[in-house]
Every structure is written in structure tokens, then in C-alpha cells.
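Results of the structural survey
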Amino acid sequence: MNRLQQLFENKKKDILSIYYTAGYPNLNDTLTIAEALEQAGADFMEIGFPYSDPVADGEVIQGSSKQALDQGMTLEMLFAQLKDLRKTVNIPILLMGYVNVVLQYGVENFCKKCQEVGVDGCIIPDLPMYEYEELYSECFKKHGISNIFLVTPQTSEERIRKIDDLSNAFIYLLSSAATTGKNLDVSANARAYFSRMRNMNLKNPLMIGFGISDKQTFDSANEYAAGAIIGSAFVKNLDPQDVVGSVGRFMKEFR
Amino acid sequence: MTNYFVNDKGYYGDFGGAYIPEMLYPNVEELRQQYLKVIKEESFQQEFRALLKDYVGRPSPLYLAKRLSERYGANIFLKREDLNHTGAHKINNTIGQILLAEHLGKKRIIAETGAGQHGVATATVCALRGLECVVYMGEVDIKRQAPNVARMKMLGATVVPATSGSKTLKDATNEAMRDWINNPEDTYYIIGSVVGPHPYPDMVAYFQSVISEEAKKQLAEQTGKQSPDYVLACVGGGSNAIGMFYHFIDDEQVQLIAVEAGGKGVDSGFTAATTAKGKEGVLHGSRSILMQTADGQVVEPHSVSAGLDYPGIGPQHAHLFKTGRGKYVSITDDESLDAGLRLTQLEGIIPAIESAHALAYLEYMEFKGGENVVVCLSGRGDKDMETYMKHFNL
Ligand SMILES: Cc1ncc(COP(=O)(O)O)c(C=O)c1O
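Residues numbered from 1 in each chain as written. Chains lettered and ligands numbered in written order. Predicted model: local features only at pLDDT ≥ 70, side-chain atom pairs only at ≥ 80, totals over all residues. Heavy atoms only, no water.

1. Regarding the overall build of chain B
Spelled out, the test is: Under the scheme used here, helices are H or I runs from DSSP no shorter than 4 residues and strands are E runs no shorter than 2 residues, and both carry numbers assigned from the N terminus. The atom set for the radius of gyration is the C-alpha atoms, and the globule formula is 2.2 Å times the number of residues raised to the power 0.38. Using a 1.4 Å probe on the protein chains alone, a residue whose accessible area is under 20% of its type maximum counts as buried, one over 50% counts as exposed, and one in between counts as partly exposed. Every accessible area reported is derived by Shrake-Rupley at a probe size of 1.4 Å, with residue values counting cover from the shown protein chains alone.
Within chain B, the secondary structure is distributed over 16 helices and 14 strands. Rg of the C-alpha trace for chain B: 19 Å, near the compact-globule value of 21 Å for 394 residues, within the 12% margin. Each of the 394 residues in chain B was classed as buried or not, and the buried ones make up 65%. A total accessible area of about 13500 Å² is found for chain B, and carbon and sulfur atoms account for 50% of it.

As C-alpha cells, this is what we get:
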């Protein structure tokens, strides 16, 4: 059982995960932010490795990715920054990014490095289920890396069941079909969709993400899922002059 | 025999597939399940063919360019896609896709555009069918293709500038994909080339295949021969090239030559010569060849021609390249402009700078004499007058 699976075993409600972009706001903030997040009470985190063409992302994460790349961030550098991660950080860590960067690094190499530095799982939004099953799943399993799939309000029940079968940590429920950084839609439709998901009795816990920005949206997500994921709102709040302080101030609202 | 076309998994050899985030899955899956069925329907075919004939003005002529032929010592035929309504091959595809979009009950159409030709072709069919149209276009391209921006606006489309990255075609495509993610139910994305997730490359190839379907017949009528010796076309994403190759791909006597944009030179750092500079990877939903760093970041391309200013090629091209079935070459900015001027003065035809890349490669070919060569003249040069004027001090 990896740290992620352990977390969901022990905690069933109110789980908070934070996304941020590696190499942003300053190139060497990656580990500092991870440590500050654990200190401030995050349950786990997703570290984005930047990509030049992030089609699933809105302006904030496009911006942080671009700045990180301009500052010289690469996947290779991220693994170097995370070399001693497990000396100071205990909570689960996911890496999140686009498939082309993983392909160039080499899938086997990528999984090996993840395991070496103590990464527990990955979210690769543009890696399709078919390709994952055919070409990646074995390697992920071998290195104990959980692959996280996304589900949207338009995902069919049949496909959700399939995703549930292939998942071994949690399922990432998108609040709506949207790029990152939109506000959570807590309309009747969204509530109906969250309830439908909850009532499917899936084997994997659900985490709601995309559009969670404050305590109120976090709480409404928590009514339906094991917890929620905050990305753009957190990234927007990072102060390059006072990274640790800005992490702490942001987290106060939740913890 | 090698299969050069798509298999049932959406792949061309090692290339293709549908690398899309879950948010796009239902849209792309709907298309995958429907496109072959709809396209095969008698009613679809009738309407598609009728519009190509009466609205686009097809068949486009296959013109034996006499003075050009004299220069090269071979029979140079031009497939005159520049004479199509809206001035390029792009309309063949938008006619097909708009009919499909209607069939799927979509009300809002989005598109990306580089040179603006695909944007104009999309805005045109939207006006024709009374559908809402939003076109994403890089800020740089909006400036260098101003006449096409005005045409799109006049046709009732909303033109949205893409301000990220190099502010050209790649970035416009990113923005169109983001729009589609945010509007999953009522919106149809008309992709303008043989790129994107399966089934787009196959679908666009089919709609453009009318180019070689006609050329094959016309060549037989004019020369008595079924197969030309060479066919040439320029490659941005590769739709006019696939259309020009399509009915000759399995005829291995025909040499397929694809001309990429070399920009300021393949090794200048300002190029869009994808097969020369690229590596295998994933861009805009398919596995193909693209220009990228060792870290997998997409490299900003450069070409004087907005329509070729793209860091990738369609997956079928990647397959034709890797198997050696097609020959992939490149032509620089300056060579293409010279070729544009040459065609203008020898034949009285001002070509699009994209198409001029294909023409320029004739300078590098050696002929024994009497070979039949078909060049796809993918578009006319009206949109490029400002670039020609600046370059030649006209
Ligand atoms: C006249 C013309 N030719 C060629 C192209 C390149 O596209 P493709 O490679 O898909 O044919 C364009 C694109 O805008 C164009 O306008």
C-alpha cells in the first residue's frame, strides 16, 4: 500500500489536496512549498511538471507553467529537487502533467524516478485509458505508482465503472467540464451529478477538483466526496517574496 | 503490403490515437462512432457532392503549366485548388464537417486558423448554414493576414486572438481545444487540417481526398496515364498534401513529395521543418512527429507562411515519412517567395506562399524529360500581398 492508499484508508472525509506548479514562483521553491503545505495541514499534494501547451488548463496554471519553463524548469530538474523529499515530507505526493513530457523522459524511467524519490501517483490528463492499459499500467504497477483518472458530468456510467476498476487510490471528479480555474458550479445540476456519483458505490473514494477556491466551495464539495483539490486559487496566492508565509495564510482558511 | 491508412484503433503504424483529456472524450467518441456511418449515407454524399460542385466550383482544373514545364523539362500540372470558392483547398473540409456537425445537432462552431484560410472557409460555411462561428487566431497571424480577418468578420464570425506562446497556429489550436472543453454539449470543433485526435485526421483526409480523386481522372483524360510520376504538396498540418496523395498512396509508382517550411533554414532555429527537426511525441491529441526540446516542450516554429507555421504534422504524414513511402523535404522563406514570383510571371497565377513552397521544390528536382508531375496549388496569394509587397518592394 502506498502513502496515498494509506491516507484514504485512514481518512474518509474533509481531505484537502493542493496543486501547485514545480519551479514557480521561483525555480527552487518546489520543495519549500511541499514542506510548508504539510506544516499547514494539507493531506496530500499534486506537483505539476510544466508543459508548453497545457490545453486542459485555464489562465492561472498556463501562466505559472510558462513562468516555470522560462525560469528553466524541466522534469529532470524536478526529480533532482525532490531527491531528498522524503527526509522532510511525509504526506502523499502526486505528479501532474501532460503525456508528451513523460514520453520524452521515457515511461519506464519516469516511473522508476517517481518511486526513487517517493512519489505515490500521477495525474496525466491527456493519457487515454486505452493507451494507459496497453502501454503504461504494467510499469506503473511495478513501481507502485497509482494512476488517477478524471471523470466529468458527461462521462458515461459504463466508463465510470471501467475507471473504477482501473483505479487504486481515488477518482478525480471534475466539478464541471471545464479548464482549470473556473469557479465551482454548485447548481442543482452539479449537485445531481455529485449525488449520482456518490450513489454509484464505487470502490474508490472521490475527490472533487477544478473550481474549488475557498472554504465555502471546499465545504460544498465535502458534502459529496472524501475531499477536494485546490489548484488555481492556491497558485494565484503564492507570493514570490514570501512563499512560506503566503502558503500559511492561504491554508488558514481551511485548517 | 503496408497499410498507410488508419486502423480500427485510430492508428497509422505508430502514430495517431486520441490523446485527449477526459473532458473531450464524449465529444470525440461521439464523432468516432458516427463519422463513417454518416459520411456513407446516400443523403450526406448527395449534399456534399452538390455543394462541392455548385458552391465550391469543383472539379477544380488540372492545368498543364506550359512555361513552367519548359523551365523544368517535365510536364508540370497544377491542381488548381486556388480557384475554389474562398481561395484554397480548406473549403473541401469545412463543407464536409459542417454537414456532419448539423447531423450531430450542434449549434455552435469553433475553429482555429493560421493563414486565415481555414477560418474564412469555416466562417463561410457557417454563414451558409446559419450557425454561430467562433474562430481562434494567433495575434501574430491576425496582423499578417489582415484581409482574411476582415473577411471572417464580414461573414459574421467572432475572431478571438490567441495571445499565448508564439501567438500563431499552435496557440490558436490550444485555445480552440480549451473552448471545446468548456462547451462540451452544443459545440462542434472544425479542425482545419489532418491533425488532432482520431477520427479527425482520417475524416479531414477523406474530405480532402476529392483533390486526388479528380486529379487522377483528369490526368488520365489529358495524358492517357493513370499514374503521375510525382505529386507534390506543401505541408503545414498536411491536409492539402494528404488530399493530393490519397488516391495515389497505394500506387507505389507514384513518388509522393511533401514540402515543409524551412523558415530561415533548417538549422537556423527559425524553422517549421518538422520531419527534419522533430521527434516522436504527442501534440494536439495525436501521436506524431513534432519539434520539441529534450524535456518534451513544444518548440515555437517559424515560417513566412502562416499556414505552414506549425511545429507538428498529421499522424498519417508521420507514418508516410517513417515508412519511407513519402519523401519529406523543406524550402526556405526566401525560396518560396521567389517561387511565388516565378509562377506569377511565367503563368499569371499568384500563389499562396504556402503553395509556393511546393512549387519551389521543382528547382531541386531532376527530370529525364516527359515525366508527369502534379503540384497541388493549394491556394491563391491574395491574402499574402502584403508579404510579397514588402519582400519584393512592389
Ligand atoms: C493555401 C494554403 N495551403 C496550405 C496550407 C497548409 O495547411 P495543410 O498542410 O493542412 O494543407 C494552408 C493553411 O492555412 C493554406 O492556407
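2. As for the sheet that holds strand S7 (residues 158-162) of chain B
Residues and elements named next belong to chain B. To be explicit about the condition: Strands were regarded as paired on the criterion that DSSP finds at least two bridges between them. As a rule, the C-alpha atoms of each element are fitted with a line to give its axis, helices using only the stretch in contact, and angles between N-to-C directions run from 0 to 180 degrees.
With parallel pairing, the four strands of this open sheet are ordered in space as S7-S6-S5-S8. Each of the sheet's edge strands pairs with one partner strand only, and the pair in question is S7 and strand S8 (187-189). Neighbour-to-neighbour, the strand axes of the sheet open up by a mean angle of 25°, direction not taken into account. With five bridges connecting them, strand S6 (residues 132-138) and S7 associate as parallel partners. Looking across to S7, one finds that Gly138 is bridged to Ala162.

3. Quick word on the side chain of Asp57(A)
Stated precisely, the cut-off is as follows: None of His or the chain ends enter the tally, which takes Lys and Arg as positive and Asp and Glu as negative. A side-chain nitrogen of Lys or Arg and a carboxyl oxygen of Asp or Glu constitute a salt bridge if their distance falls within 4 Å. When checking whether two residues touch, look at their non-hydrogen atoms; a contact exists if any pair is within 4.5 Å.
Its location among the elements puts Asp57(A) in the loop between strand S2 (44-48) and helix H3 (59-70). An unpaired buried charge is present at Asp57(A): no salt bridge exists, and Arg178(B), the closest side chain of opposite charge, is 6.8 Å distant. If we skip the residues at most four places from it in the chain, Asp57(A) touches Gln62(A), Tyr98(A), Thr179(A), Thr180(A) and Arg178(B).

4. Thoughts on the packing of aromatic side chains
Operational definition: Side-chain rings of Phe, Tyr and Trp (the six-membered ring for Trp) are treated as a pair once their centres are within 6.5 Å; stacked means planes under 30 degrees apart, edge-to-face means over 60, and tilted covers the remaining angles. The criterion for a charge sitting over a ring is simple: Lys NZ or Arg CZ within 6 Å of the ring centre, and within 35 degrees of the ring normal.
With the rule as written, the count across this model stands at 29 aromatic pairs over all chains. Each ring, one from Tyr193(A) and one from Phe194(A), has its centre 5.3 Å from the other, and the planes form 35°; the classification is tilted. Neither residue differs from the other here; Tyr193(A) and Phe194(A) are each classed as buried. A centroid spacing of 5.1 Å and a plane angle of 70° characterise the contact between Phe5(B) and Tyr246(B), whose relative ring orientation is edge-to-face. One end of the pair, Phe5(B), is in the segment before strand S1 (11-12); the other, Tyr246(B), is in the loop between helix H11 (239-245) and strand S10 (255-263), with 241 residues separating them in the sequence. A single burial state applies to Phe5(B) and to Tyr246(B), both of which are buried. Ring pairing ties together the aromatic residues Tyr20(A), Phe218(A), Phe234(A), Phe250(A) and Phe254(A), which thus form one cluster. Residue placement shows Lys264(B) over the ring face of Phe270(B); its charged tip is 4.9 Å from the ring centre.

5. A closer look at the environment of Phe49(A)
Residue and element names in this part refer to chain A. Along the chain, Phe49 turns up in the loop between S2 and H3. By relative accessible area, Phe49 is classed as buried at 3%. Considered as a pair, Phe49 and Leu95 are 46 residues apart in the sequence and their alpha carbons are 7.0 Å apart. When residues no more than four places from it in sequence are discounted, the contact partners of Phe49 are Leu75, Leu78, Leu95, Met96, Gly97, Tyr98, Val101, Val102 and Phe110.

6. Describing the sheet that holds strand S4 (residues 121-123) of chain A
Residues and elements named next belong to chain A. Strands sit in the order S5-S4-S3-S2-S1-S9-S8-S7-S6 across an open sheet of nine strands; the sheet is parallel. In this open sheet, the two strands that pair with only one neighbour each are strand S5 (146-147) and strand S6 (150-151). In this structure, S2 lies alongside strand S3 (residues 93-96), joined through four bridges in parallel fashion. Bridging from a neighbouring strand, Gly48 pairs with Met96 of S3. Each of S6, strand S7 (171-174) and strand S8 (206-209) is contacted by helix H10 (residues 188-198), which is oriented at about 160° to S7, the strand it contacts most.

7. Side note on the interface of chain A and chain B
Going by this rule: Values labelled buried area give the accessible surface lost by two parts on being combined, using a 1.4 Å probe and summing over both. Definition of a polar contact: a pair of N or O atoms within 3.5 Å, with one able to donate and the other able to accept a hydrogen when the atoms are protein atoms, and with sequence-neighbouring residues admitted only if both atoms are side-chain atoms.
Taken together, the contacts link 37 residues of chain A with 34 residues of chain B. Summed over both sides, the interface between chain A and chain B buries roughly 2800 Å², with carbon and sulfur atoms accounting for 53% of that surface. Joining chain A to chain B, the criterion identifies two salt bridges. The interface formed by chain A and chain B includes 20 residue pairs in polar contact (both at pLDDT 80 or more).

8. Brief notes about the pattern of salt bridges
The tally for this structure, following the rule as stated, stands at 42 salt bridges over all chains. With a closest N to O distance of 2.8 Å, Glu29(B) and Arg32(B) form a salt bridge. Residue Glu29(B) and its partner Arg32(B) are located together in helix H1 (residues 25-40), separated by three residues, close to a single helical turn. Take Glu29(B): its relative accessible area is 15%, and that puts it in the buried class. Judged by relative accessible area, which is 36%, Arg32(B) ranks as partly exposed. The structure contains a network of salt bridges with shared partners spanning Lys11(A), Asp14(A), Asp43(A) and Arg255(A).

9. Quick word on the site of the ligand
Residue and element names in this part refer to chain B. For the record, the criterion: Nearness of a residue to a molecule or strand requires only that one of the residue's heavy atoms be within 4 Å of it. Classification used: nonpolar for Ala, Val, Leu, Ile, Met, Phe, Trp, Tyr, Cys and Pro, charged for Asp, Glu, Lys and Arg, polar for all others including Gly.
Taken together, 18 residues form the shell around the ligand, and within it Ser193, Gly236, Gly238, Ser239 and Ser378 come nearest. Ser239 is positioned such that a nitrogen or oxygen atom in its side chain is 2.7 Å from an oxygen atom of the ligand. For the ligand, whose accessible area on its own is 390 Å², the fraction buried by protein is 98%. In the shell around the ligand, the residues fall into five nonpolar, eleven polar and two charged.

10. A short note on the confidence of the model for chain B
The criterion, for reference: A score between 0 and 100, pLDDT records how confident the predictor is in each residue.
For chain B, mean pLDDT is 97; residues scoring 70 or higher make up 100% of the total. ipTM for the predicted complex: 0.95, alongside a pTM of 0.97.

11. Some thoughts on the packing of helix H4 (residues 90-103) of chain B against helix H9 (residues 200-208) of chain B
All names here are of chain B. Which entries qualify depends on this criterion: Handedness of each helix crossing follows the sense of rotation of the near helix against the far helix: counterclockwise by less than a right angle gives left-handed, clockwise gives right-handed.
Across the interface, H4 lies against H9 with an axial gap of 8 Å and an inter-helix angle of 120°. You can see that H4 and H9 cross each other, and the crossing is right-handed. Side by side, H4 and H9 meet where Lys90, Asn92, Asn93, Gly96, Gln97 and Leu100 of the first sit next to Tyr200, Met203, Val204, Phe207 and Gln208 of the second. Partitioned by chemical class, the residues of the contact of H4 with H9 number five nonpolar, five polar and one charged.

12. Observations concerning the nonpolar core
Stated precisely, the cut-off is as follows: In this description, a nonpolar core means a group of buried Ala, Val, Leu, Ile, Met, Phe, Trp, Tyr and Cys residues linked to one another through side-chain atoms lying within 4.5 Å.
Within the largest apolar cluster, 191 residues are counted, with the highest numbers of intra-cluster contacts made by Leu37(A), Leu95(A), Phe110(A), Phe170(A), Phe234(A), Tyr188(B) and Met244(B). Tyr188(B) has contacts with Leu31(B), Gln97(B), Leu100(B), Ala101(B), Leu104(B), Lys106(B), Arg108(B), Ile109(B), Ile110(B), Trp180(B), Tyr200(B) and Met203(B), leaving out every residue within four places of it along the chain. Judged by nonpolar contacts, the second largest core, of 30 residues, contains Tyr230(B), Leu343(B), Leu346(B) and Leu362(B).

13. Considering unusual backbone geometry
Across the chain, the bulk of peptide bonds are trans and the bulk of non-glycine residues have phi less than zero. Residue Pro25(A) is bonded to the preceding Tyr24(A) through a cis peptide linkage, with omega at 0°. Structurally, Pro25(A) is set in the loop between strand S1 (15-21) and helix H2 (30-39). Look at the link from His198(B) to Pro199(B): it is a cis peptide, with omega at 15°. By secondary structure assignment, the location of Pro199(B) is in the loop between S8 and H9. Of note in this structure, Asp14(A) is not a glycine but carries a positive phi near 65°. Summarising the element assignment, Asp14(A) is placed in the loop between helix H1 (3-10) and S1.

14. Here's the deal with the side chain of Gln97(B)
Following the sequence through the fold, Gln97(B) ends up in helix H4. Not counting chain neighbours up to four residues away, the residues in contact with Gln97(B) comprise Tyr188(B), Tyr189(B), Ile190(B), Ile191(B), Tyr200(B), Met203(B), Val204(B) and Phe207(B).

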